Amino acid sequence: MSTFYLYVALILVTVFGIYRYHKSRKAKKRQLLFTLDTPKEWLNYIEKNVAIYHFLPKDLQRELLGHVHVFVAEKYFTGHAGLEITDEIRVTIAAQACLLLLNRNTNYFPHLKTIRVYPGGFKNPKHEDKLGHHLGESWLRGPVVLSWNDAIEGGQDAEDGRNVVIHEFAHQLDQLDGAADGRPLINHAHLKTWSKVMSKEFKSLRVKAKLRNHAFFDYYGATNPAEFFAVISEHFYEQPKTFREKHPDLYELLVDYYKVDPATWLRN
Ligand SMILES: [Zn+2]
């Protein structure tokens, strides 16, 4: 009996050792990727297609480029409906997705392996909306699906509050705990405030959307709490000053979660 337990303990220690070894190797590889020099073409794509980049403080710009290297090395991009994947596509999508990782301890959307890219709006018979097309999707533990046309348009306009890449990757963060419920992994101490502010603001948008009253947030956020979180994340990065002015409590909640305060970034 005791030999049996000895074997079990031995196996556990070995498995744990292998796990630790792989984890530290991965961390070292990421560190190396993070410090690579960014190719000139990559920087050109980001400067041309990711307008928010220009507003970022220098240290966050550097951090973003480091994240882009890791993201591009670790994620697999597939082109669909005739679209061929290029470095411009990889880098433009990576840079927008990695905006959500700035200033935080990150594991780079660990459940996400593949990003499927279509040339424009795509059809998905399982997820048909009223317009019959989709600009983006984020599956639980599955791929993110994006329209390249909309990913580039959303990136080039940094101030209209619409960004399909930020939207879909906010879903990825929300889904890290296994549930698409509009509540990402947050500090336990902040849970009460989070639920209180979120549900109040979500209900208020629902009422406004129903009555077709003017709302700062896109009505699409009234669909459900998961869409609400994705939509307010778009507004947070693209229209931070108005957001802070109109919904200060909610804005603070996101500053606390995303660990950045975009309203303080230099804007025209
Ligand atoms: Zn969504």
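Keep in mind it's a predicted model, so treat the numbers as computed, not measured. (Residues numbered from 1 in each chain as written. Predicted model: local features only at pLDDT ≥ 70, side-chain atom pairs only at ≥ 80, totals over all residues.)

Student: Break down the overall build of the protein for me, with residues and values.
Tutor: Looking only at helices and strands, the protein has 10 helices and four strands in total. Going from N to C terminus, the protein has its helices and strands arranged as α-α-α-β-α-β-β-β-α-α-α-α-α-α. Against the 2.2 N^0.38 benchmark of 18 Å for 268 residues, the protein shows a C-alpha radius of gyration of 20 Å, consistent with a compact globule. Taken along the three principal axes of its C-alpha coordinates, the protein extends 70 × 45 × 40 Å. The buried share of the protein, taken over its 268 residues, is 35%. Taking the contacts inside the protein whose residues are at least 6 apart along the sequence as the reference set, 66% of them involve residues at least 24 apart. (Helix = DSSP H or I, 4+ residues; strand = E, 2+ residues; numbered from the N terminus. Rg over C-alpha atoms; globule rule 2.2 N^0.38 Å. Buried ≥ 20, exposed ≤ 12 C-beta atoms within 10 Å, placed from the backbone. Contact = placed C-beta atoms within 7 Å.)

Student: So what's going on with the environment of Phe-71? Which residues, and what values?
Tutor: You can see Phe-71 is positioned in helix α3 (residues 58-74). Under the C-beta neighbour-count criterion, Phe-71 is labelled buried, with 22 such atoms within 10 Å. Sequence separation between Phe-71 and Ala-94 is 23 residues, and the spatial gap between their C-alpha atoms is 6.2 Å. Among residues more than four places away in sequence, those in contact with Phe-71 are Ala-94, Ala-97, Cys-98 and Tyr-108.

Student: Quick rundown of the nonpolar core? Include the residues and the values.
Tutor: If you look at the biggest cluster of nonpolar residues, it comprises 59 residues, and the most contacted ones within it are Ala-95, Cys-98, Leu-100, Leu-146 and Phe-169. Contact partners of Cys-98, with chain neighbours within four places excluded, come to Leu-64, His-67, Val-68 and Phe-71. (Core = buried A, V, L, I, M, F, W, Y, C linked by C-beta atoms within 7 Å.)

Student: An account of the pairing of strand β2 (residues 114-118) is needed here, citing residue identities and associated values.
Tutor: Two strands pair when backbone bridges link them, and strand β1 (residues 76-79) and β2 are joined in this way by four bridges, in the parallel orientation. If you follow Tyr-76 over to β2, its bridge partner there is Thr-114. Bridge count between β2 and strand β4 (residues 144-147): four bridges; the pairing is parallel. Residue pairing for β4: Tyr-118 is matched across the bridge by Ser-147. (Pairing = 2+ DSSP bridges.)

Student: Can you tell me about helix α2 (residues 40-49), naming the residues and giving the values?
Tutor: Residues that lie three or four places apart on an α-helix share one face, since the helix turns once every 3.6 residues. Here α2 has its buried residues at Trp-42, Tyr-45, Ile-46 and Asn-49. Looking straight down α2, one finds its buried side chains confined to an arc of 95°; they lie on one side. Exposed residues lying more than 90 degrees from the buried face of α2 are Lys-40, Asn-44 and Glu-47. Elements that come into contact with the buried residues of α2 comprise α4 (87-98) and α5 (148-156). (Arc of directions from axis to C-beta.)

Student: If you had to explain the sheet that holds β1 to someone new, which residues and values would you point to?
Tutor: Taking strand neighbours across the sheet as the criterion, the four strands line up as β1-β2-β4-β3 in an open arrangement whose pairing is mixed. The outermost strands of the open sheet, each flanked by one partner alone, are β1 and β3 (136-138). Ignoring strand direction, the axes of neighbouring strands in this sheet form an average angle of 20°. (Axes fitted to C-alpha atoms, helices over the stretch in contact; angles between N-to-C directions.)

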